[in-house]
Amino acid sequence: MTEEGERQARQAGKGLKDVDFQICVSSPLGRTVSTAELILEDRPVKIVTDEGLKEMSFGDLEGKPIDEVFDPAHKCYYTGFKAHNGETPEETGRRVFAVWERLSKDYSGNVLTVSHGWAIRSGLRMIDRPGVDEAYGKGAHNGHCSLTVIDVQDGVFTIEKMFDTDYMENAG
């Protein structure tokens, strides 16, 4: 994790200091676990990992320089990486959404999940594909430590806030 990433995670923690989390579930990858630890610094919230929150699999392209992985128009997001033994956005979305669905049944309060950009976006598309795609089309981006709030009532998932970073800027 870069120094900037650490700063952003600490700032996210300040922005979320008044939220009572029951648990934190993170992707098992090191940078997401570190992000969760920094967000929850000095708070008695248990952090567990879940393989279902890992980033979209790029298959044979894992670890390659970013300019070798992405085409200029990011069409690979819509088509996925099946041709390279990776995942499609739909496969990633179903995997991530399954974690959220399980968490909504296991916990009745706030749950912090820490994951990766494409994984989050793919999961959100399982809730509101047109809304997520429209937001991206208008320039919305789920940047580092951006906040998305999903409300679950009687098994119905609603995106209340998507890709917010203002909460960090307004934190003391």
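Residues numbered from 1 in each chain as written. Predicted model: local features only at pLDDT ≥ 70, side-chain atom pairs only at ≥ 80, totals over all residues. Heavy atoms only, no water.

Draft legend 1. Fine view of the nonpolar core. Counting residues in each nonpolar core, the largest one holds 16 residues, and the members touching the most others are Leu16, Cys24, Ile39, Leu40, Leu112 and Tyr167. Going through the elements one at a time, α1 (3–15), β1 (21–26), α2 (30–39), β3 (110–114) and α7 (166–169) are the ones with two or more residues in this core. Sorting elements by how many residues they give to this core places α2 first, with three residues. Beyond its immediate sequence surroundings of up to four residues, Leu40 is in contact with Phe21, Cys24, Val45, Ile47 and Leu112. Within the second largest apolar cluster, 15 residues are counted, among which are Ile23, Val25, Trp100 and Leu124. (Core = buried A, V, L, I, M, F, W, Y, C linked by side-chain atoms within 4.5 Å. Buried < 20%, exposed > 50% of the residue type's maximum accessible area, 1.4 Å probe, protein only. Helix = DSSP H or I, 4+ residues; strand = E, 2+ residues; numbered from the N terminus. Contact = heavy atoms within 4.5 Å.)

Draft legend 2. The arrangement of the pattern of salt bridges in detail. Summed over all chains, the structure comprises ten salt bridges. One salt bridge connects Arg95 with Glu87, and the closest N-O pair in it is separated by 2.7 Å. A salt bridge links Arg129 to Glu90; the nearest nitrogen and oxygen atoms lie 3.4 Å apart. Residue Arg129 is found in helix α6 (residues 117–137), and its partner Glu90 is found in helix α5 (residues 89–106); the two are separated by 39 residues along the sequence. Classification of Arg129 as partly exposed rests on a relative accessible area of 37%. For Glu90, a relative accessible area of 23% gives the class partly exposed. A single network of salt bridges, built from pairs that share partners, joins Glu90, Arg125, Arg129 and Asp133. (Salt bridge = Lys/Arg side-chain N within 4 Å of Asp/Glu carboxyl O.)

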